[in-house]
Amino acid sequence: MSKARTIHLHKRMLMHKDRSRKEVEEIVRKQMLNVFATPKLLRVPRETLNLDGTKISAHQGRVDAMLRGQRIAPITIDMALTQKCSYACTFCYAGLQQNDQSPVPWEVYENFLDDCVEIGHAPGEGVRAISLVSDGESTENPNYLRFIKKARDNGIEVAAGTNGFKLKWDELPYLIENLTYLRFNFDAADPKAYAEIMGTSEKSYETVLDNIKECVRLKEEIGSEVTIGLQMVLLPEYADQVLPLAILGRSLGVDYTIFKHCSDDETGRLGVDYSWYTSPLAIDLLKAAEGLSTDTYSVQAKWSKMRTGRDRKYSRCYGTPLLLQMSGTGIVAPCGSFFHEKYKRYHIGDIKETRFRDIWASDEYAKVINHLKSDDFDAKTMCASLCLQDKVNEALKELIEDGKDLPPASIMHRNFI
């Protein structure tokens, strides 16, 4: 783990003690009184933009091929171009997964993107989409824009999650025109709270705010269909930021603001209180926030994951072949929970050492995938909470073990499952 992330993680509990849960809840109750006193606005239906589910039913053919035992290409790969980050967020799961840094050369990424097109159970059935999120801030990589251009040239959709601090204005027009979505990790409306939560300065808040405004302006000017949103990883100690952030997102003109849970590892090192997410106050607060939606702006809480907490509905992990993850170090693993060296048994390969197409076709790939869906693996006790594949796994469990149909897919972002 980097020194900055380690220090900030150690400060986490001490910092939160300065924000009394009781005092924060009193502030929240007063905020809700003001919101409920205003006229209700038109809420955007989740059928248009559902940020709390899976879209694998839009890829029934690939799911069927997987169930037949064919080796399929992932529909989506979630990855980062580095493990570096200039922030040190209190909730950062990636801070628990740090490995020794080793930059990935551009030629390796170039080969990786070509391999993404070539692999698959049939011609034209390669990787559909790449989300630049994973375990690092990809804008820190000098090849950030170059990577996106190469992916788009290869016919792969690209989306990005970012703190937004190092976005370059001369690159923004291309990003706005070519990304499927651009999500800003923006965890408070108040500059002081923002700096505390995200391990940065209040000055960074203003920089990112300006970048968001420019992205919104460019979207309108270009006529782009990119979806621009804000995301808050909701910690109970900062619940007083929920309604102000929902209002801020509306005033900025972004497409959505989403409030999500904080994921924790299997030993609970981040100390997430999952019971809070299902408390009456939290439910009322998030419903009040969703009520601030308009016909062009959606506020959403990730209800299903918040209600799940640590109580997974499945023991076997079926979803990895459809949704694979890769670390900013180049390590290919089933999911971000297993990037750290102590989970090396789950490391399928490293693109710095082996071409991705060969990693995908390897016996080790099959060995890891088969282990995850076997009786020897129990996702309920051996995995981090609320992983990226969680909703995919829920749907596949119901399909494979319970004989139920896959849930319907929303219209937007179908290749980001």
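Predicted model only: the values in this text are computed from it and were never measured.

Enquirer: Sorry, what's going on with helix α9 (residues 242-252) here?
Expert: The periodicity of an α-helix, 3.6 residues per turn, causes residues three or four positions apart to be oriented the same way. Within the span of α9, buried status applies to V242, L243, L245, A246, L248, G249 and L252. Two residues or fewer past α9, G253 is found with a positive phi of approximately 85°.

Enquirer: I keep staring at the environment of V28 and nothing clicks. Help me out?
Expert: Relative to the assigned elements, V28 resides in helix α2 (residues 21-36). Along the backbone, V28 and Q241 are 213 residues apart, and their C-alpha atoms lie at a distance of 8.5 Å. Residues within four places of V28 in sequence aside, it is in contact with A239, D240, L281 and L285.

Enquirer: Just checking my understanding: could you explain the pattern of salt bridges for this structure?
Expert: Proximity of charged atoms lets side chains of opposite charge pair with each other. What the rule picks out here adds up to 20 salt bridges. For E26, the salt bridge is made with R29, and the minimal N-O distance between the two is 3.3 Å. One end of the pair is E26 and the other is R29, both in helix α2 and three residues apart, which spans about a single turn. As a salt-bridge pair, E214 and R217 come within 2.9 Å of each other at their nearest N and O atoms. Of the two residues, E214 and R217 are both situated in helix α8 (residues 202-222); the distance of three residues between them amounts to about one turn of the helix.

Enquirer: How should I be thinking about empty space enclosed by the protein in this particular structure?
Expert: The probe, sized like a water molecule, is rolled over the atoms to show the empty space still left. With the rule as written, the count across this model stands at three cavities of 30 Å³ or more. Reported here for the second largest cavity is a volume of approximately 70 Å³. Residue classes in the lining of the second largest cavity are distributed as 10 nonpolar, three polar and one charged.

Enquirer: Please explain the sheet that holds strand β5 (residues 227-233) as it appears in this structure.
Expert: Sheet strands associate in pairs through backbone hydrogen bonding, adopting either a parallel or an antiparallel arrangement. The strand order across the open sheet formed by 10 strands is β7-β6-β5-β4-β3-β2-β1-β8-β9-β10, and the pairing between neighbours is mixed. The open sheet has two free edges, formed respectively by β7 (298-301) and β10 (349-350), since each of these has just one partner strand. With two bridges connecting them, strand β9 (residues 331-333) and β10 associate as antiparallel partners. Looking across to β10, one finds that V332 is bridged to G349. Running at roughly 160° to β7, helix α11 (residues 280-290) makes contact with β6 (256-260) and β7 of the sheet.

Enquirer: Just checking my understanding: could you explain the packing of aromatic side chains for this structure?
Expert: Centre distance and the angle of the planes are the two values used to describe a pair of aromatic rings. Per the counting criterion, the structure on display carries 14 aromatic pairs. Aromatic side chains F186 and Y205 sit 5.4 Å apart centroid to centroid with 40° between the ring planes, which places their arrangement in the tilted category. Here F186, found in the loop between β4 (181-185) and α7 (191-198), pairs with Y205, found in helix α8; they are 19 residues apart in sequence, far enough to count as distant. Judged on exposure class, the residue F186 and its partner Y205 are both buried. Taking 5.7 Å as the distance between ring centres and 70° as the angle between the ring planes, the aromatic pair formed by W276 and Y277 counts as edge-to-face. Side by side, W276 and Y277 carry an identical accessibility label, which is buried. Members of the aromatic cluster, joined through ring pairs, are Y87, F165, F186, Y194 and Y205. Above the ring of Y174, the side-chain terminus of K149 is found at 5.2 Å from the ring centroid.

Enquirer: Could you clarify how one ought to interpret the nonpolar core in this entry?
Expert: Generally speaking, a soluble globular protein has its nonpolar side chains buried in company with each other. With 109 residues, the main nonpolar core has M79, F112, I130, L132, F147, F186 and I351 as its most contacted residues. If you tally residues by element for this core, the top one is α8, at seven residues. Sequence-distant contacts of M79, defined by excluding residues within four places in its chain, comprise Y109, F112, I130, S131, L132, V133, S134, F147 and M326. Counting residues in each nonpolar core, the second largest holds 14 residues, with I56, I75, L323 and V392 among its members.

Enquirer: Can you help me understand the pairing of β5 in this one?
Expert: Remember that side chains alternate between the two faces of the sheet whenever the strand is regular. β5 sits mainly inside the fold: seven of its seven residues count as buried. Burial along β5 is two-sided: the face carrying T227, G229, Q231 and V233 and the face carrying I228, L230 and M232 are both buried. Where β4 and β5 come together, five bridges link them in parallel fashion. Of the residues in β5, the one forming a bridge with F184 is L230. Once you follow β5 into α9 and on to β6, the crossover reads as right-handed.

The rules behind these values
Residues numbered from 1 in each chain as written. Predicted model: local features only at pLDDT ≥ 70, side-chain atom pairs only at ≥ 80, totals over all residues. Heavy atoms only, no water. Buried < 20%, exposed > 50% of the residue type's maximum accessible area, 1.4 Å probe, protein only. Helix = DSSP H or I, 4+ residues; strand = E, 2+ residues; numbered from the N terminus. Contact = heavy atoms within 4.5 Å. Salt bridge = Lys/Arg side-chain N within 4 Å of Asp/Glu carboxyl O. 1 Å grid on protein atoms, 1.4 Å probe; cavity = no way out; pocket = protein on both sides within 12 Å on 5 of 7 lines; lining within 4 Å. Points joined across faces, edges and corners; volume = space filled by probe spheres on them. Nonpolar A, V, L, I, M, F, W, Y, C, P; charged D, E, K, R; others polar. Pairing = 2+ DSSP bridges. Axes fitted to C-alpha atoms, helices over the stretch in contact; angles between N-to-C directions. Phe/Tyr/Trp six-rings, centres within 6.5 Å; stacked < 30°, edge-to-face > 60°. Lys NZ or Arg CZ within 6 Å of the ring centre and 35° of its normal. Core = buried A, V, L, I, M, F, W, Y, C linked by side-chain atoms within 4.5 Å. Right-handed = clockwise from strand over helix to strand, strands pointing away.

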